[in-house]
Amino acid sequence: MAKLILSMETTMLKEIPLSKERTTIGRKPHNDIQIDNLAISGEHAVVITILNDSFLEDLGSTNGTFVNGQSVKKHFLVNGDTIELGKYRLKFVSEVPQQTSGADFEKTMILRPGAAQKPASLPPAPAPAAPAPAAPAAASPAVPAHMSTSPGMTPPPAAAAAAPAAPALPLGAIQILSGGNAGKEMELTKTLTTLGKPGVQVAVIARRPHGYFITHVEGASRPVVNGKTLDAQAHQLADHDVIELAGTKMEFFLKG
């Protein structure tokens, strides 16, 4: 599990495991990481963790958020990154291989006419490998009626039943339902796909082994799925769910 190590100058203060999808940082007491310093905004930044990936977002703080000396609004965290908040430092530590890259995270689908065409950089998802056919069971030799099984004599083993292969996750896709992009589709082939309008409303869809999950990332209002506003936690999408995001309606569906 990834973690943040909080320090001030040369003094380490504490370690914070990133066990939640959203870890908030700020001066107010309700934050997961509270830093009681006037240089820190009440709600300064948030770290969103999905699978083995974490990314940082500045929440419009007064003094800004810096990573490795550079001012950032959004940043995909890699092992060893140092988040700088005034005199405080938060070092990101992760020994688990990450699922995606900063380049993947930055590719956001901008919802405006003509901009939601299927990206050429998204190759079709590879077809799942077919399970190897089970070897035919060898016929067990019949035991003559006059032969009884005596101690130390093992009867012929029965052929083991082949375990059914776990069904592969169907490829998910998004189809735009409203606006100038109505009818456009985008396949969700990446581990993380961001959707929305930066600075207005952004969400991320994570492709996990057991399904697709949508999480709010940026914006004062949260996405709406089937008429219900999402909370801070990841929400698992079902086939034909209707998502309302950044003023656009879209349908999530599974491709058979």
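Parameters at a glance
- Residues numbered from 1 in each chain as written.
- Predicted model: local features only at pLDDT ≥ 70, side-chain atom pairs only at ≥ 80, totals over all residues.
- Heavy atoms only, no water.
- Pairing = 2+ DSSP bridges.
- Helix = DSSP H or I, 4+ residues; strand = E, 2+ residues; numbered from the N terminus.
- Salt bridge = Lys/Arg side-chain N within 4 Å of Asp/Glu carboxyl O.
- Buried < 20%, exposed > 50% of the residue type's maximum accessible area, 1.4 Å probe, protein only.
- Axes fitted to C-alpha atoms, helices over the stretch in contact; angles between N-to-C directions.
- Phe/Tyr/Trp six-rings, centres within 6.5 Å; stacked < 30°, edge-to-face > 60°.
- Lys NZ or Arg CZ within 6 Å of the ring centre and 35° of its normal.
- Lys, Arg positive; Asp, Glu negative; His and termini not counted.
- Polar contact = N/O pair within 3.5 Å; in protein donor to acceptor, adjacent residues only side chain to side chain.
- Contact = heavy atoms within 4.5 Å.
- Core = buried A, V, L, I, M, F, W, Y, C linked by side-chain atoms within 4.5 Å.

1. Observations concerning the sheet that holds strand 21 (residues 241-245)
Stage number 1. With antiparallel pairing, the 6 strands of this open sheet are ordered in space as 14-13-22-21-18-19. The open sheet terminates on both sides in strands that have one partner only, identified here as strand 14 (185-187) and strand 19 (228-229).
Stage number 2. Strand direction decides the pairing type here: strand 18 (residues 224-225) and strand 19, joined by 2 bridges, are antiparallel. Across the sheet, the residue bridging to Val225 is Lys228, located in strand 19.

2. Some points on the pattern of salt bridges
Any two side chains of opposite charge can pair, so long as their charged atoms come close to each other.
Stage number 1. Per the counting criterion, the structure on display carries 5 salt bridges.
Stage number 2. The shortest N-O distance in the salt bridge between Lys3 and Glu15 comes to 3.2 Å. In this pair, Lys3 sits in strand 1 (residues 3-8) while Glu15 sits in strand 2 (residues 11-17), placing the two residues 12 residues apart along the sequence.
Stage number 3. Glu15 sits in the partly exposed class, given a relative accessible area of 42%.

3. Brief notes about the sheet that holds strand 7 (residues 65-67)
Stage number 1. The sheet built from 6 strands is open, its strands ordered 2-1-11-10-7-8 with antiparallel pairing. Sheet topology places strand 2 and strand 8 (70-72) at the edges, where each strand pairs with a single neighbour. The mean inter-strand angle of the sheet, taken between neighbouring strand axes irrespective of direction, is 30°.
Stage number 2. Both strand 1 and strand 11 (residues 88-93) contribute to a ladder of 6 bridges, which runs antiparallel. Residue pairing in the sheet places Leu6 in a bridge with Leu90 of strand 11.

4. Quick notes on the packing of aromatic side chains
Stage number 1. Across all of its chains, the model carries 1 aromatic pair by this definition.
Stage number 2. Where Tyr212 meets Phe252, the ring centres are 5.4 Å apart and the plane angle is 55°; that geometry is what we call tilted. Pair noted here: Tyr212 is in strand 17 (residues 211-218) and Phe252 is in strand 22 (residues 248-255), with a separation of 40 residues, a long-range link.
Stage number 3. Looking at Tyr212, the relative accessible area reads 1%, which means it is buried.
Stage number 4. Of note, Arg208 hangs over the ring of Phe213, and the distance from its end group to the ring centre comes to 4.4 Å.

5. Re the side chain of Arg22
Stage number 1. Along the polypeptide, Arg22 turns up in strand 3 (residues 22-26).
Stage number 2. Glu57 provides the closest opposite charge to the buried, unpaired Arg22, separated from it by 5.6 Å.
Stage number 3. Within polar-contact distance, the side chain of Arg22 engages the backbone oxygen of His216 at 3.0 Å.
Stage number 4. Apart from the residues lying within four places of it in its own chain, the contact partners of Arg22 are Asp32, Val46, Val47, Ile48, His216, Val217 and Ala232.

6. Concerning the nonpolar core
Stage number 1. Formed by 20 residues in total, the largest nonpolar core has its most connected members in Leu4, Ile35, Leu56, Ile83 and Leu90.
Stage number 2. Of the residues forming this core, the biggest block, 3 residues, is contributed by strand 11.
Stage number 3. Beyond its immediate sequence surroundings of up to four residues, Leu4 is in contact with Lys14, Glu15, Ile16, Leu18, Ile33, Val47, Ile83, Leu90, Lys91 and Phe92.
Stage number 4. With 18 residues, the next largest nonpolar core counts Ile174, Leu188, Ile205 and Ala246 among its residues.

7. Here's the deal with the pairing of strand 22
Stage number 1. Judged from the 6 bridges that link them, strand 13 (residues 171-176) and strand 22 form a sheet pairing that is antiparallel. Each residue of the ladder has a partner; that of Gly172, found in strand 22, is Leu254.
Stage number 2. One ladder, built from 5 bridges, connects strand 21 with strand 22; its direction is antiparallel. If you follow Ile243 over to strand 22, its bridge partner there is Met250.
Stage number 3. Between strand 21 and strand 22, which follow one another and run antiparallel, lie 2 residues, and Ala246 among them has a positive phi close to 55°.

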